[in-house]
Amino acid sequence: MTASVSLSIGLTEPIGDWRTLVNSVRSWLNRSEEDLSDTQVTEFIALAEAEFNRVLRVPEMDEVSVATIGVGNVALPSDFLAAQSIFYKTRELGQTTPIALIRKYGDVPADPLQYCILDGTPRRIRLGPQPKEGIELTLIYYKKIEGVSENNPDN
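To keep things clear, this report deals only with the structure shown in the data block. As the structure is a computational prediction, the values presented were derived from the model and not from experiment.

### So, the pattern of salt bridges
Piece 1. Counted by the stated rule, this structure contains 5 salt bridges.
Piece 2. The salt bridge partner of Glu51 is Arg54, with a shortest N-O separation of 2.7 Å. Here Glu51 pairs with Arg54, and both are found in helix 2 (residues 38-55), just 3 residues apart, close to one helical turn.
Piece 3. For Lys143, the salt bridge is made with Glu63, and the minimal N-O distance between the two is 3.4 Å. Note that Lys143 is positioned in strand 8 (residues 135-143) and Glu63 in strand 1 (residues 62-69), a separation of 80 residues in sequence.
Piece 4. Under the relative-accessibility criterion, Glu63 is labelled partly exposed at 25%.
Piece 5. What emerges from the salt-bridge pattern is a single network uniting Arg19, Arg26 and Asp38.

### Description of the nonpolar core
Piece 1. Of all hydrophobic cores here, the largest spans 16 residues; its most connected members are Ile125, Leu127 and Leu137.
Piece 2. Of all the secondary structure elements, the ones that give two or more residues to this core are strand 1, strand 3 (80-88), strand 6 (114-118), strand 7 (124-128) and strand 8.
Piece 3. Ranked by the residues each element gives to this core, the list is headed by strand 8, at 4 residues.
Piece 4. Setting aside residues up to four positions removed in sequence, Leu127 forms contacts with Ile69, Leu93, Leu101, Pro112, Gln114, Tyr115, Ile135 and Leu137.

### Here we look at the packing of aromatic side chains
Piece 1. According to the stated counting rule, one finds 1 aromatic pair in the structure shown.
Piece 2. The lysine or arginine in question, Arg57, covers the ring of Tyr142, its NZ or CZ lying 5.4 Å from the ring centre.

Definitions and limits used
- Residues numbered from 1 in each chain as written.
- Predicted model: local features only at pLDDT ≥ 70, side-chain atom pairs only at ≥ 80, totals over all residues.
- Heavy atoms only, no water.
- Salt bridge = Lys/Arg side-chain N within 4 Å of Asp/Glu carboxyl O.
- Helix = DSSP H or I, 4+ residues; strand = E, 2+ residues; numbered from the N terminus.
- Buried < 20%, exposed > 50% of the residue type's maximum accessible area, 1.4 Å probe, protein only.
- Core = buried A, V, L, I, M, F, W, Y, C linked by side-chain atoms within 4.5 Å.
- Contact = heavy atoms within 4.5 Å.
- Phe/Tyr/Trp six-rings, centres within 6.5 Å; stacked < 30°, edge-to-face > 60°.
- Lys NZ or Arg CZ within 6 Å of the ring centre and 35° of its normal.

Encoded structure:
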């Protein structure tokens, strides 16, 4: 299911396409096309989207995914922003730090009880204890807001 949100900031009509958004940014900043290039407006919009992803936590950002997780550090979905809950079978796993996970569980294989999120590109998940083989986890997480652009004018 894809949710659609229109931006309306005291306007009579919502901003519905990329060109209208670019022109609205220029108008709001009281700048002409000569003063503010499309590239600069695109960067401005990207900065706003990054702020939205840092601050917003709304139902439209909720995502549920079933993932097969193996041994070691495994990449999270590309739209993963932040974990809400992670389940193995019907048990909710606790979140901890990488150091605490290694100190507590080491390399002894067993059913996972906790997880940690490792930053990087891509972001990764590590389970503790480590499973003996690939297992299915249910990930409930906040997904990133899909960025708008000339090629993707409607998010």
